[in-house]
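Here are the chains, one letter per residue:
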Amino acid sequence: MADISYRIELAQPHTHYFDITLTVPAPAAVQQLSLPSWIPGSYLLREFARHLSGMKASQGSRDVAVEQLDKSRWQVRCSGRQALVVRYRVYAFDSSVRTAFLDAQRGFFNGTSLCLRVHGREQASHGIEFGVLPTGWQIASAMPNPAPGSYLAADYDELLDHPFELGQFWQGSFEAGGATHAVVVSGAWSGFDGERLLRDAQKICAAQIEFWHGPAAKRVEALPFVRYVFLLNCVDEGYGGLEHRASTALIAPRRNLPRLGQAETSDGYVQLLGLISHEYFHTWNVKRMKPAEFMRLDYAQENYTELLWFFEGFTSYYDDLMLVRSGLIDETRYLKLLAATVSGVLATPGRMVQSLAQASFDAWTKYYRPDENTPNATISYYGKGALLALALDLSLRSGSGGAGPVSSLDALMRGLWQQSQGGGIDEAQIMALLADLGGPELSREAAHWVHGTGDLPLPFLLERFGVQWSSDKPTLAQRLGLRVSESAVAGVQIKQVLADSLAQQAGLSPGDELLACNGWRLRRLEDALLSLAPQQLKLRLLIARDQRVLELSLDLPALSAASKVEGAPVLLSPAEKAAVRVTALRRAWLAA
Ligand SMILES: [Zn+2]
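Residues numbered from 1 in each chain as written. Predicted model: local features only at pLDDT ≥ 70, side-chain atom pairs only at ≥ 80, totals over all residues. Heavy atoms only, no water.

Q: Provide a residue-level description of the coordination of the zinc ion, including the pertinent values.
A: Only His 278 (NE2), His 282 (NE2) and Glu 312 (OE) from the protein coordinate the zinc ion, and they sit 2.0 to 2.1 Å from it. Sequence spacing among the residues donating to the zinc ion works out to H-x3-H-x29-E. For the pair His 278 and His 282, a shared accessibility class is recorded, and that class is buried. (Donors = N, O, S within 2.8 Å, 3.2 Å for Na, K, Ca; no water. Buried < 20%, exposed > 50% of the residue type's maximum accessible area, 1.4 Å probe, protein only.)

This is how it looks when you write it as structure tokens:
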């Protein structure tokens, strides 16, 4: 029996309202209540209380006044120790994994959206019960479930860390590392190959359990959870995931699911497996081992750390790496995914402006609030953080003097896991262990990579592993420094103009519509090249900006000239040509 309890009713799901009754036995004389402003793992103030309404309180048959103190905090003056009962509604119509959703087909919620915090009682047990559910609906969550329909969390932090899926869904399970892993899929088409998804997810989980805890025979440490739940919601468009202590909420396009009778592995399915791998890796890296600053969370305001390059970036490095190591993709496919990450980082001038540590600290106002200037002023701690992990892994594996494999990033991760005992770590600890494993020079270099804005020496490092680096022919958008959206109907719209690019020098601006080039109507940017006569390099552009039609022109440098602009990098692995030692190094990296 829980101390604090929430009864959740969804009598009219089509109105998108959850009705909640919170019961607080023996309340304080002045009892404060609040709703979190953000959800751990997603670093943006989302002010969940904006969807809460109709709050009323009572003790026995007596109504008690509720006074609102600020945007997300209330207080109730109670008399006597009789239980305080608080009723309120929450509007839930956001299909992301970060908040709550309810309609006639399904329901989903995080405790951060529905469950008021009872100040002074955070350490008490918190329970959830449901009213009558629509016919045929089931409930899925990793929250302990001591009786049918009744869920129990040891404290308020745990209550917030187990999302719930409600509705009619597909469900299967597998075992990995001795623990049951449930997979819940909502919104799948019939003909979806659930058995294949279970098989492939099992390979990822088994590889990660072995990564953190060693092979089964030598495992001394228990897994940090007894049961794990994947909650996957399939939609037309949408992608994302949020990590929790014993579960993850995922959203992915339903066309990415594997289909019965389909043997090949589509790019969409690889993306879904990468997402599963990413969120599962967080079970260790950020849900348990975490920034020291996150050991006590403040749900009312921003919680700053400079370490997201480690907790998100390194997790991003391992998500795809675990796919190749568990045999779900081959080396060539892995290098293609890696090349896409490299390409994304190199196409971002903001990498020369913002360091990885700054990008982490500013996540709340920059990464999570992107605008048209984002690529010029910021760098993603996911993408560049993953490349930093790659640079460190290859440096550790090849040894500082190239004398042979001496260590690996795997050893760093496991060492930190043991040192931290699954708790807080700081940058000094990461750098100290790096110095132990790879020498003080590598540790000093790593500090420059984290706090500076220079490029990582990846072509040089990859070459040691027999991976050749070359570049595709640049597209016109790359040569001009533009990011556009284009379609036959809407034409070419400029989304972003990269700093110091030809497009910026010519005076193009985000929001401009490119109407025509050299007298020809433009529907696709690349078609501008077709309007050029041989040897002609001048683009005369007709643009629309806030209803005005303007003319601009720019001279395209010849492609053969020594141009700063390169196309997307291509990483090739010529296995048969590489020397034996190099091949062995690469095998150890990709098959460790
Ligand atoms: Zn993540």
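Q: Outline the nonpolar core, listing residues and values.
A: Within the largest apolar cluster, 160 residues are counted, with the highest numbers of intra-cluster contacts made by Phe 18, Ile 128, Trp 309 and Trp 589. With residues near it in sequence (within four places) discarded, Ile 128 still touches Tyr 6, Ile 8, Phe 109, Cys 115, Met 143, Gly 149, Ser 150, Tyr 151, Leu 159 and Phe 164. Counting 21 residues, the second-largest nonpolar core is a separate cluster that includes Leu 476, Leu 508, Leu 541 and Leu 554. (Core = buried A, V, L, I, M, F, W, Y, C linked by side-chain atoms within 4.5 Å. Contact = heavy atoms within 4.5 Å.)

Q: So what's going on with the sheet that holds strand β14 (residues 150–153)? Which residues, and what values?
A: Read across the sheet, seven strands follow the order β5-β4-β8-β2-β1-β12-β14 without closing on themselves; strand pairing throughout is mixed. The sheet is open, and its two borders are formed by β5 (62–64) and β14, each paired with just one other strand. The mean angle between the axes of side-by-side strands here comes to 25°, regardless of whether they run parallel or antiparallel. Strand direction decides the pairing type here: strand β12 (residues 126–130) and β14, joined by four bridges, are antiparallel. Across the sheet, the residue bridging to Ile 128 is Tyr 151, located in β14. (Pairing = 2+ DSSP bridges. Helix = DSSP H or I, 4+ residues; strand = E, 2+ residues; numbered from the N terminus. Axes fitted to C-alpha atoms, helices over the stretch in contact; angles between N-to-C directions.)

Q: Explain the pattern of salt bridges to me, using residue names and the numbers behind them.
A: For the coordinates displayed, the defined rule picks out 23 salt bridges. Between Glu 165 and Arg 106 there is a salt bridge, and its shortest N-O distance comes to 2.8 Å. Placement of the pair is Glu 165 in strand β15 (residues 164–167) and Arg 106 in strand β10 (residues 106–109), with a sequence separation of 59 residues. Neither residue differs from the other here; Glu 165 and Arg 106 are each classed as buried. Through salt bridges with shared partners, a single network forms among Arg 325, Asp 393, Arg 397 and Asp 410. (Salt bridge = Lys/Arg side-chain N within 4 Å of Asp/Glu carboxyl O.)

Q: With reference to specific residues and values, describe the side chain of Asn 256.
A: Along the chain, Asn 256 falls in the loop between β20 (247–253) and α4 (267–281). For Asn 256, a relative accessible area of 7% gives the class buried. Polar contacts involving the side chain of Asn 256 include one to the side chain of Gln 271, which spans 3.1 Å. Setting aside chain neighbours within four positions, we find Asn 256 in contact with Gly 268, Tyr 269, Gln 271 and Leu 272. (Polar contact = N/O pair within 3.5 Å; in protein donor to acceptor, adjacent residues only side chain to side chain.)

Q: Lay out the side chain of Ser 501 with the relevant residues and their values.
A: Among the secondary structure elements, Ser 501 is positioned in the loop between β25 (491–497) and α15 (502–505). Residue Ser 501 is classed as buried on the basis of its relative accessible area, which comes to 8%. Among residues more than four places away in sequence, those in contact with Ser 501 are Leu 480 and Gly 481.

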